[in-house]
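In case you want the letters, here they are:
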Amino acid sequence: MNLSRLCTSFADYLHSEDFLQIARHAEHPKAFSRTRKLPLPALVATLVSGLCKGVQAELDEFFAHLQQQAALIRHVSAQAFAQARAKLHVDALPALNDHLLNLIERAGGVPRWHGLRRIAVDATQLRFGLRASHVPRAASRDALALALYLPDAQLTLAAQLHSTCVGERQALFEQLDHLGPGDLLLLDRGYPCRWLVGVLQRHGIDFCMRVDTAGERGFARVQAFRKSDLAEQIVTLPPPEPQDVVDFDCPPEPATVRLIRHVCADGTCRILMTSLMDAERFPATLFAGLYHQRWSIEEGFKRLKHRLCVEHVSGLTHLAVQQDFAAKVLCDNLAALFTLAARETHAVRAQRRTNRAYARTALKPLIPALLFGCACVAMLQSVVKLIASQTFKHRPGRSRPRPDRPKPHKHMAYKTC
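Quick look at the structure, then.

About the thresholds
- Residues numbered from 1 in each chain as written.
- Predicted model: local features only at pLDDT ≥ 70, side-chain atom pairs only at ≥ 80, totals over all residues.
- Heavy atoms only, no water.
- Helix = DSSP H or I, 4+ residues; strand = E, 2+ residues; numbered from the N terminus.
- Rg over C-alpha atoms; globule rule 2.2 N^0.38 Å.
- Buried < 20%, exposed > 50% of the residue type's maximum accessible area, 1.4 Å probe, protein only.
- Contact = heavy atoms within 4.5 Å.
- Areas by Shrake-Rupley, 256 points an atom, 1.4 Å probe, with all protein chains shown as cover.
- Lys, Arg positive; Asp, Glu negative; His and termini not counted.
- Charge placed at Lys NZ, Arg CZ, Asp CG, Glu CD.
- Core = buried A, V, L, I, M, F, W, Y, C linked by side-chain atoms within 4.5 Å.
- Patch = residues over 30% accessible without salt bridge, like charges linked within 9 Å, V, L, I, M, F, W, Y side chains within 5 Å.
- Salt bridge = Lys/Arg side-chain N within 4 Å of Asp/Glu carboxyl O.
- Axes fitted to C-alpha atoms, helices over the stretch in contact; angles between N-to-C directions.
- Parallel < 35°, antiparallel > 145°, perpendicular 65-115°, else oblique.
- Nonpolar A, V, L, I, M, F, W, Y, C, P; charged D, E, K, R; others polar.
- Pairing = 2+ DSSP bridges.
- Polar contact = N/O pair within 3.5 Å; in protein donor to acceptor, adjacent residues only side chain to side chain.
- Expected span 1.5 Å × (residues − 1).

1. Concerning the overall build of the chain
If you tally the helices and strands in the chain, you get 16 helices and 10 strands. Here the C-alpha radius of gyration of the chain, 23 Å, is about what a compact globule of 417 residues would show, namely 22 Å. For the C-alpha atoms alone, the extent of the chain along its principal axes is close to 70 × 50 × 45 Å. Taken over 417 residues, the chain has a buried fraction of 49%. Taking the intrachain contacts of the chain between residues at least 6 apart in sequence as the baseline, contacts between residues at least 24 apart amount to 67%. Per element, the accessible surface of the chain, about 20500 Å² overall, is 52% carbon and sulfur. If you average the places of the 54 positive and of the 38 negative side-chain charges in the chain, the two averages end up 9 Å apart.

And the structure:
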């Protein structure tokens, strides 16, 4: 993977006419036409740098990094930044993330598992640090964030905010445009249902989902399989409800799936349901390690919440919150890209992992030059070398149970120094 060429292509797209047409808000069709202090590339680069401090402090630091100076530079006010971002379309940053993923995919940066692209799916509850305001189209304090995550490359394929009234299955249904044949979804216990299985099979999307539940709830076929002594079994699920067939355009016929039993080291029994029916190509022994890869998305959410402070937002409107969320997903993907390059070019040992928190710190001063296309090869190599030097030993099987305590939520008035 040629990192310099990939970064140049990404910067060229940011400055292209194609991206400009996507980035303009529908209410501002002539936005970003004139040359101003904060043009479109600078606005996007400021957002992608990861806004964790006060807006004015982040702006002053961004333009200091752009001119490679240590002292802060007052170039744009926070009010001008707020006016400019109001003209940025909500789909601009997700489109930029899609373009980055396409570049990485073409460069061979996303490995395959038995010819399939593994994608972990999960959702998390977010509580933004908002304050009471009277701004038009104000954001809601709570939201549901669903993400499609590539565990083999540690990249977020797509992520979107939803109302807390939307369920995780419905949120996944709205993200099916990012999926297709050749993808393998890894799903937790909150997703199994008859209509979703039918929808995935209609689109040719393979899946592996955990279906064991407490008590007698869940699929009757799964409960019967759990009580048996079988290691695996092919079963036919009941057809979906007629209303689900209409609402989600899923097949009305019953779906045939494969059930696999996995007994953990502590004696816990997991039942996995999959569409991978070929027992010779996909023996049952593979699925324990396969399902374990889903845990990577939990680490991705942790980075977004605690390293990038995704719940700390730089605006009060719903548009600003969506922009901040998409920008921090893209910021994390850029750090993942440099982490991939560090492992390739400096031969990091398999039993060691790169420090993603340090990667984010090392990359932030470079983002202005990177997105403006003025980062030279020497600068890229220097940052990659720094990232490769900060690793830690990975201990397989090590468990750290999460303590039972309330989640911390920062108030908007408390910002990073």
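2. Examining the nonpolar core
With 119 residues, the main nonpolar core has Met273 and Phe338 as its most contacted residues. Broken down by element, this core gets its largest block of residues, 15 residues, from helix 13 (residues 318-346). For methionine 273, the residues in contact, after removing those within four places along its chain, are Val197, Phe207, Cys208, Met209, Val211, Phe219, Val222, Leu237, Val257, Arg258 and Leu259. Core analysis: the next-biggest nonpolar cluster, separate from the first, contains 12 residues, Trp113, Leu116, Leu276 and Phe282 among them.

3. Details of a positive patch on the surface
Side chains of Arg349, Lys393, Arg395, Arg398 and Arg400 sit close together on the surface and give a patch of like positive charge. Its relative accessible area of 66% is what places arginine 400 among the exposed residues.

4. Points about the environment of alanine 359
Within the fold, alanine 359 resides in helix 14 (residues 356-363). Overall, alanine 359 belongs to the buried group, its relative accessible area being 0%. Sequence separation between alanine 359 and threonine 339 is 20 residues, and the spatial gap between their C-alpha atoms is 7.0 Å. Every residue in contact with alanine 359, bar those within four places of it in the chain, is listed here: Thr339 and Ile387.

5. A look at the packing of helix 13 against helix 16 (residues 377-389)
Where helix 13 meets helix 16, the closest approach of the two axes is 9 Å, and the angle between their N-to-C directions is 85 degrees. Here helix 16 runs roughly perpendicular to helix 13, going by the angle between their axes. Taken together, the residues of helix 16 that come into contact with helix 13 (itself represented by Phe338, Thr339, Ala341, Ala342, Thr345 and His346) are Leu380, Val383, Val384, Lys385, Ile387 and Ala388. Split by residue class, the contact of helix 13 with helix 16 holds eight nonpolar, three polar and one charged.

6. What to know about the pairing of strand 8 (residues 269-274)
In the sheet, strand 5 (residues 206-210) pairs with strand 8 via three bridges, with the strands oriented antiparallel. Bridge pairing in strand 8 places cysteine 208 opposite threonine 274. Two elements, strand 7 (residues 256-263) and strand 8, share six bridges in a ladder whose sense is antiparallel. Following the sheet pairing, leucine 259 is matched in strand 8 by methionine 273. The antiparallel pairing of strand 7 with strand 8 creates a hairpin that spans five residues between the two strands, and glycine 267 there sits at a positive phi of about 95 degrees.

7. Re the sheet that holds strand 5
If you trace the eight strands from one edge of the open sheet to the other, you get 3-2-1-4-5-8-7-6, paired in mixed fashion. Where the open sheet ends on each side, the last strands, each with one partner, are strand 3 (155-162) and strand 6 (232-236). Across the sheet, the axes of successive neighbouring strands diverge by a mean angle of 25 degrees, strand direction being ignored. As defined by bridge partners, strand 4 (residues 183-187) adjoins strand 5 across four bridges and the pair is classed as parallel. Residue pairing across strands places leucine 187 opposite methionine 209, the latter belonging to strand 5. Lying on the sheet, helix 8 (residues 194-202) is in contact with strand 4, strand 5, strand 7 and strand 8; it crosses strand 5 at an angle near 155 degrees. Taken strand by strand, helix 9 (residues 220-227) contacts strand 6, strand 7 and strand 8, and its axis lies near 35 degrees from that of strand 7.

8. Some points on unusual backbone geometry
You will see that glutamine 154, though not glycine, has its phi angle at about 60 degrees, which is positive. Within the fold, glutamine 154 resides in the loop between strand 2 (142-150) and strand 3. Of note, the phi angle at aspartate 249 is positive, near 55 degrees, even though the residue is not glycine. Among the secondary structure elements, aspartate 249 is positioned in the loop between helix 10 (242-248) and strand 7.

9. Thoughts on the side chain of arginine 210
Within the secondary structure layout, arginine 210 lies in strand 5. Looking at arginine 210, its side chain comes within polar contact range of the side chain of aspartate 212, at 3.0 Å. When neighbours within four sequence positions are excluded, arginine 210 is seen to be in contact with Leu187, Asp188, Arg189, Pro192, Thr268, Arg270, Ile271, Leu272 and Tyr291.

10. Remarks on the side chain of glutamate 61
With respect to the helices and strands, the residue glutamate 61 is situated in helix 4 (residues 55-66). Glutamate 61 gets classed as buried once you look at its relative accessible area, which sits at 14%.

11. A closer look at helix 13
Between its first and last C-alpha, helix 13 extends 42 Å over 29 residues, near the 42 Å set by a 1.5 Å rise per residue. In terms of burial, helix 13 is a largely internal element, 23 of the 29 residues being buried. Downstream of helix 13 by a residue or two, alanine 347 has a phi angle that is positive, lying close to 50 degrees.

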